[in-house]
Every structure is written in structure tokens, then in C-alpha cells.
Amino acid sequence: MDRRNFLKSGAALPTAIAVSTLPRLAFADTASGWRVFEVTTSVEVLKPQGTTRVWLPVPLVSDTDYQKTLGNSWTAEGGSVRYSQDAKYGAGIVSAEFPETTQKPVVRLVSRLAT
């Protein structure tokens, strides 16, 4: 995967979709001193034409000394969704595909992490 071309291609994506809600953060302190956050990203394609595809980056694929992942979940109402990880860089990507019959494609990614 060529990250530079991927980012260039993705630059046109905001004109095709609108983010229905900004990422929402919620946290609570745990007994171990780690703070737990849940980040929800929801994308709705406003004017779909033909087969619609949406790609979302998954934050924090690998644990570090300062952050650890507590899991991710995703849904694609009316479509199919899958997770993949880039072999070279280790970046996680959730990709969703909706048939042209889907009138309101929505993808939701919920990521839980601790800092």
C-alpha cells in the first residue's frame, strides 16, 4: 500500500461525505491509574451514487508504554464491513461497502483505549 497515494486519493473524500457527528470522547478513571476513553466516529454519505465505499482509520492498533487499546467495534447499516491492517506500517483500516440500493449509508466505528 502506498500511503502517499492513499492520502492523496482520500483528500477528495470529504466532498463526497459528511461526518454526521464529531468524535465523542468519554472517560473514567480506573483503579490502576489508566484513564479509559471511548471514541465514536460516525460517517453518513449524503448523496450516494452506485456502489459506495468508505474507509476509516482505526486509532491505536499497537499498544505503547503510554497507551493501550481496549478494542474496536464497527457497524455498516445496510452494507458489509471488514477490518484490514497494512503489512508495512501496521495501520488499521475499517472499510465498508454499500450496494447502490442503500439510500442512507452509515458507518460507525467505536474505539476504546486507555492512557
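Counting starts from 1 at the beginning of each chain's written sequence and moves along it residue by residue. Given that this is a predicted model, residues contribute local features only at a pLDDT of at least 70 and side-chain atom pairs are listed and counted only at 80 or more, while totals for whole chains, interfaces and linings are drawn from all residues. Water and hydrogen atoms play no part in the side-chain values, which are based on all heavy atoms of the structure.

### Here we look at the packing of aromatic side chains
Aromatic rings from Phe, Tyr and Trp, with only the six-membered ring used for Trp, were paired whenever their centres fell within 6.5 Å, and each pair was classed as stacked if the ring planes differed by under 30 degrees, edge-to-face if by over 60, and tilted otherwise. The full count for this structure, using the stated rule, is 1 aromatic pair. Relative to Tyr-83, the ring of Trp-74 has its centre 5.5 Å away and its plane inclined at 15°; by these criteria the two rings are stacked. Overall, the relative accessible area of 32% leaves Tyr-83 in the partly exposed class. Sitting over the ring of Trp-34, Lys-68 keeps its end group 4.5 Å from the ring centre. Accessible area is worked out with a 1.4 Å probe on protein chains only. A residue is then buried under 20% of its type maximum, exposed over 50%, and partly exposed in between. Two conditions define a charge sitting above a ring: the NZ of Lys or the CZ of Arg must be within 6 Å of the ring centre, and it must be within 35 degrees of the ring normal.

### Side note on the nonpolar core
Formed by Val-43, Val-45, Val-54, Leu-56, Val-58, Ala-76, Val-94, Ala-96, Phe-98, Val-107 and Leu-109, the largest nonpolar core amounts to 11 residues. Only runs of H or I of at least four residues qualify as helices and only runs of E of at least two qualify as strands under DSSP, and these elements are numbered from the N terminus. Where this core is concerned, the elements lending two or more residues are strand S3 (52–58), strand S6 (92–98) and strand S7 (106–114). Residues are treated as being in contact if the distance between any of their heavy atoms lies within 4.5 Å. Excluding anything up to four places from it in sequence, Ala-96 contacts Thr-52, Arg-53, Val-54, Ala-76, Ser-80, Val-81 and Val-107. As used here, the term nonpolar core means buried Ala, Val, Leu, Ile, Met, Phe, Trp, Tyr and Cys residues forming a set that is joined through side-chain atoms within 4.5 Å.

### Observations concerning the pairing of strand S5 (residues 80–85)
By the bridge criterion, 6 bridges tie S5 to S6 in an arrangement that is antiparallel. Following the sheet pairing, Ser-84 is matched in S6 by Ile-93. With antiparallel pairing between neighbouring strands as the criterion, S5 and S6 make up a hairpin whose turn holds 6 residues, including Gly-90 at a positive phi of roughly 80°. Two strands make a pair as long as DSSP finds a minimum of two bridges between them.

Keep in mind these values describe shape, not function.
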